[in-house]
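Architecture and fold: a report
Each chain, letter by letter, is given below.
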Amino acid sequence: MSRFLRGATIVWVVFRYGLDGLVLDSFQKPWLRWLSRLLSVGRNLDAPRGQRLREALERLGPIFVKFGQVLSTRRDLLPADMADELARLQDRVPPFDPAIAMATIERAFRRPVDEVFVAFDRTPVASASIAQVHFATLRDRAGVEREVAVKVLRPGMLPVIEKDLGLMRMMAGWVEGLSADGKRLKPREVVAEFDNYLHDELDLVREAANAAQLRRNMAGLDLVLIPEIFWDFCHPEVMVMQRMNGVPISQVERLRDAGVDIPKLARDGVTIFFTQVFRDGFFHADMHPGNIQVSLEPATFGRYISLDFGIVGTLTESDKEYLAQNFVAFFRRDYKRVAELHIESGWVPRETRVNDLESAIRAVCEPYFDRPLKEISLGMVLMRLFQTSRRFQVEIQPQLVLLQKTLLNIEGLGRQLDPELDLWSTAKPFLEKWMLEQMGPQRLWRELRAEAPHYAKLVPELPRLLYDYLSRRPAESHGALRDLLEAQKRTNRLLQSIIYGGLGFVLGLLVMQLMVRVRLF
Ligand SMILES: Nc1ncnc2c1ncn2[C@@H]1O[C@H](COP(=O)(O)OP(=O)(O)OP(=O)(O)O)[C@@H](O)[C@H]1O
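About the cut-offs
Residues numbered from 1 in each chain as written. Predicted model: local features only at pLDDT ≥ 70, side-chain atom pairs only at ≥ 80, totals over all residues. Helix = DSSP H or I, 4+ residues; strand = E, 2+ residues; numbered from the N terminus. Contact = placed C-beta atoms within 7 Å. Domains from an automatic or database assignment. Nonpolar A, V, L, I, M, F, W, Y, C, P; charged D, E, K, R; others polar. Near = placed C-beta within 6 Å. Core = buried A, V, L, I, M, F, W, Y, C linked by C-beta atoms within 7 Å. Buried ≥ 20, exposed ≤ 12 C-beta atoms within 10 Å, placed from the backbone. Axes fitted to C-alpha atoms, helices over the stretch in contact; angles between N-to-C directions. UniProt positions renumbered as here; feature names shortened; annotations may be inferred. Pairing = 2+ DSSP bridges.

Here the focus is the overall build of the protein. Tallying secondary structure elements over the protein gives 23 helices and eleven strands in all. Taking all contacts inside the protein whose residues are at least 6 apart in sequence as the whole, residues at least 24 apart take part in 65%.

Listed below in structure tokens is the structure:
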């Protein structure tokens, strides 16, 4: 019954905000088009469609608001006006009762809150649709008191989410089945992606693990601080981490007054992101200003503080290669290469004609070169490339969409801090270094090291393999004398190459063995 009521509410909101018109007009069945016209009589639909969509999602509650936020990143699917409006969605919701947060903590650790923490601040510092954050103090394993931030999941989220997701799936099926435009929007794919995203956010151990990995990766860079995770105090519903003290990145004047070098901050943001992408293939993908602060503490003055690790992106070696080579080819205006890369990597069907793709890509990219190089947005270029690829039946990988969205965030943030920021010259060294590593001797060295244990296993078998091979040869070379001499010559040559090759191989193996040992001890 409650599912029916929720479904009825959704349908009412859809009509109330005139969202039916967004897809109904393209319904293939005439009676549905008529219904759409009939339903729009007497409604005030003056507000732009994007605004109506945003307001409707706000009306439907936090899960739909989150859905809109995720949808806003699919600029390859949505028209720009709608994506812009959706990006304005904020999931500010009233905090839940601290007693509920404390009950969750007690259930998770099977101890009263005042036994878990030395002190616990009942007033939340922040509250969003999925979780709420409280400050507290705990005693760590060494008996030292530590200031911490405790993130607690909003209770009873799973059933609400499942119900809303069920309805979203159903509606996506309708829209896809009934409307031509609806099919193009790939609603079922979008809802499935959202489903994954929400379930990931509901597991705080996962978020804590992301934070720990990023902290380890960023340790040597000295540009960003990531909270330490207190694993003894982590549970799927509760996450306890080091409390960070910084100034929100949005308060630029305050940062400037405190003496922070703002243009350097802008460059550092790009450096951090490119390091995460091209060196580690593991990047923070929720880089909105609410999750970024700047430290003013003397020891870490001017460094970024990163928060909220619910969404991270991972890239494979081939993703990185695809990206780097595309960017480099793009900046050389070598559109043919960009097209070839798309085909080689299997991004577009093999039978695609390079010339067609090349001219589509040229049409997308060339207008960008109308402006100075430093003003070019890589996020925008990537988005246009994805949009072009779609016309050639390409399924864009979710991690690349995530990357493109984050790239836009980072560029937006960088330009907000320093309108003079030269994005390309900040990013270029990363791409060049990475390309060199991919093609130069470092790659060969890395791959040899990875293969070393395998070759080490082969070495003892080598003499037997050689003996088996040689002992078979004479039996095959009987018959006429000339044949025999020829065969003997061939055998000698083969023997020579096997012996020289074998010697080189064994020598190589010995070196590799040595390397493996050096690495192990
Ligand atoms: N380790 C921390 N130290 C200090 N403050 C923190 C810490 N973690 C979170 N906060 C505060 O809590 C706020 C919300 O945290 P976080 O973004 O992780 O929660 P969220 O529920 O995922 O919110 P949203 O989805 O809106 O980003 C942060 O903006 C920050 O003010």
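From this point, the discussion proceeds with the structure in view.
This part is about the domain arrangement of the protein. Interfaces are often described in size by the accessible area the parts lose on coming together. The domain boundaries assigned to the protein delineate domain 1 (2-91 + 159-200), domain 2 (245-439) and domain 3 (442-520). On the side of domain 2, ten residues touch domain 1, which itself brings seven residues to the contact. Residues belonging to the side of domain 1 that touches domain 2 are distributed by class as follows: one nonpolar, one polar and five charged.

With respect to spatial proximity, 18 residues lie near the ligand, and among them Ala126, Ala128, Val133, Ala149 and Asp308 are the closest. Going through the elements one at a time, β3 (131-139) and β4 (145-153) are the ones with two or more residues in the shell around the ligand. Looking at the shell around the ligand residue by residue, the class counts come to eleven nonpolar, three polar and four charged.

As a further point, take the nonpolar core. Counting 82 residues, the largest nonpolar core has Cys234, Val238, Val240 and Ile361 as the members making the most contacts within it. Setting aside residues no more than four positions away along its own chain, Val238 makes contact with Thr104, Ile105, Ala108, Val150, Val152 and Leu204.

Next up on the list: the packing of helix α4 (residues 49-60) against helix α5 (residues 62-72). Their axes nearest at 6 Å, the elements α4 and α5 cross at an angle of 145°. On α5, the residues touching Arg54, Leu57, Glu58 and Leu60 of α4 are Phe64, Val65, Phe67 and Gly68. When its residues are assigned to classes, the contact of α4 with α5 shows five nonpolar, one polar and two charged.

This paragraph deals with the UniProt feature "active site" (unreviewed entry) in the protein. Under the present numbering, the feature "active site" (unreviewed entry) in UniProt falls on Asp286. Once residues within four sequence positions are removed from consideration, Asp286 is found in contact with Asn291, Asp308, Gly310 and Ile311.

Let us look at unusual backbone geometry. For Arg110, which is not glycine, the phi torsion reads 55° and is therefore positive. Note that Arg110 resides in the loop between α7 (98-109) and α8 (113-116). Classification of Arg110 by C-beta neighbours within 10 Å gives exposed; the count is 8. One non-glycine residue, Arg333, adopts positive backbone phi at about 55°. With respect to the helices and strands, the residue Arg333 is situated in the loop between α15 (317-331) and α16 (335-344).

What follows deals with the sheet that holds strand β5 (residues 224-225). Spatial strand order, β5-β10-β9-β7: four strands in an open sheet with mixed pairing. Each edge of the sheet is formed by a strand with only one pairing partner; in this case those strands are β5 and β7 (246-248). Pairing between β5 and strand β10 (residues 304-306): two bridges, direction parallel. Across the sheet, residue Leu225 finds its bridge partner in β10, namely Ile305.

Here strand β6 (residues 238-242) lies mainly inside the structure; four of its five residues are buried. Alignment of β4 against β6, held across five bridges, turns out to be antiparallel. Bridging across to β6, Val148 finds its partner in Gln242.

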